[in-house]
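# Structural overview
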Amino acid sequence: MKLKCSKPSLYEAIVNVSKAVSERSSLPSLEGIKCKVSENMMELTGYNLEIGIRTTISVVTQDKGEFILNARLFCEMIRKMPEEDIFIEVSDNLQVTLSSGVTTFNLSAVSSEDYPELPVKTDCDEISISQPVLKNMINQTIFAVAVTDMKPILKGELFDIENGMFNLVAIDGYRLAVRQEPIKYNGNIKFVVPAKTLSEVSKLLSDNDDDKCCMFVSAKHIIFEINGYFVYSRLLEGEFHPYKSAIPETFTTEVIADRKNLIETLERAMLLINERNPSPVRCYFENGIIKVKCSTSMGKITDEIKADIAGPVIEIGFKCKYFLDPLKVISEDKIKLQMSGSLLPMKIVPCDDSNYTFLVLPVRLSKES
């Protein structure tokens, strides 16, 4: 089997599908990229049984065949090839020659006979959404996904589509992020996609408003179709937290603040906070001023910014990172902080956009020394 292809297109495909390749697996074939050659096409697949990525590139060949190459070696060899044209030759005993210009690599391939099949699109619900919208929704929520195994379903995000409205939800037990967008879909559906899958999906999504992402959802799997790539993933099983009931509908104190100023203030406090010094930031909301204090064994900081404050004075504490994360992904200049006491969650929303809601639980503060 012989073929010729373009180095840029082959390298891009290898880099992207490699993200789904197992670093270590009891099935050696999963540590490589499966290459399936047919007339003038080559399909490349990476799969670790949880997430799979597949794409197709144009090649010059009349041959057919399949082989698996070590993902790391394949990627580095192609990256270091000196010219634009890549020639690949595979013998009957799976010895592979990669050549470009005067450079030639020889390596052994693996048979694809025991490579597992990926899910298929039959019996699936099809959902279409703008790529930049989905990308924005993922990036504005994924940081709130749980990272521990205490409740495995919280290591994914809930896709909740009901009555033409799509809510993407992440919860880690200390904070909640909800991003909402209208969607053209006739029906109601809920499923949970692992955060690792969404991280890779986000990298493939474009910023072009005309580009669409198609999602094919079955009982146990989802397939994302994005610009010539297919991302396959299992869905997480279990009961997701009833997030709607967790979002407070009322508040007693509302603060309108400049987002960038608040970020800068909290980032200064973060200089004193690390794993050994996990002290919370202490926030006072009163008389048109947000006062921020933090004290650790490394030092102390006292800071303040102006804000519009309506309602009773509140003193409340937070993990600084949990307060910062949503501020960094909101695009509007002004944000609202809504509270009903020092021990109840704070709600963060953009002033000019009702599509994003974030909750963060406060930390019980000790008496100030």
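As shown above, the structure is provided for reference.
Basis of the calculations
- Residues numbered from 1 in each chain as written.
- Predicted model: local features only at pLDDT ≥ 70, side-chain atom pairs only at ≥ 80, totals over all residues.
- Heavy atoms only, no water.
- Pairing = 2+ DSSP bridges.
- Helix = DSSP H or I, 4+ residues; strand = E, 2+ residues; numbered from the N terminus.
- Axes fitted to C-alpha atoms, helices over the stretch in contact; angles between N-to-C directions.
- Contact = heavy atoms within 4.5 Å.
- Core = buried A, V, L, I, M, F, W, Y, C linked by side-chain atoms within 4.5 Å.
- Buried < 20%, exposed > 50% of the residue type's maximum accessible area, 1.4 Å probe, protein only.

Let us now look at the sheet that holds strand E7 (residues 95-100). Working definition: the strands of a sheet are paired by backbone hydrogen bonds and lie parallel or antiparallel to each other. Spatial strand order, E1-E6-E7-E8: 4 strands in an open sheet with antiparallel pairing. Each of the sheet's edge strands pairs with one partner strand only, and the pair in question is strand E1 (2-6) and strand E8 (103-108). Geometrically, the sheet is characterised by an average inter-axis angle of 20 degrees between neighbouring strands, direction not taken into account. As paired strands, E7 and E8 are joined by 6 bridges and run antiparallel to one another. Paired with Thr97 across the bridge in E8 is Asn106. Contacting E1 and strand E6 (85-90), helix H1 (residues 7-17) runs over the sheet at an angle of about 90 degrees to E1. The strands touched by helix H2 (residues 71-79) within the sheet are E6, E7 and E8, with E7 carrying the most contacts at an inclination of about 25 degrees.

Take the nonpolar core next. One recurring pattern in soluble globular proteins is that nonpolar side chains are buried together. Counting 60 residues, the largest nonpolar core has Leu10, Met42, Leu44, Phe74, Ile88, Phe159 and Phe224 as the members making the most contacts within it. Among the elements that line this core, the one with the most residues is H2, at 5 residues. The residues contacting Ile88, other than those within four sequence positions of it, are Met1, Lys2, Leu3, Leu10, Met42, Phe67, Val96, Thr97 and Leu98. Counting 40 residues, the second largest nonpolar core, distinct from the first, contains Phe143, Ala144, Ile273 and Val360.

All right, on to the sheet that holds strand E24 (residues 346-350) then. If you trace the 9 strands from one edge of the open sheet to the other, you get E13-E10-E11-E12-E25-E24-E23-E17-E21, paired in antiparallel fashion. Unpaired on one side and paired on the other, strand E13 (189-194) and strand E21 (308-310) mark the two borders of the sheet. Recorded for the sheet is a direction-independent mean angle of 15 degrees between the axes of neighbouring strands. Sheet topology places strand E23 (residues 334-339) next to E24; 4 bridges connect them, and they run antiparallel. Counted as the bridge partner of Gln338 is Lys347 from E24. Of the strands in this sheet, strand E10 (156-162), strand E11 (165-171) and strand E12 (175-182) touch helix H3 (residues 131-139), which is tilted by about 165 degrees from E12. Contacting E10 and E13, helix H4 (residues 195-204) runs over the sheet at an angle of about 85 degrees to E13.

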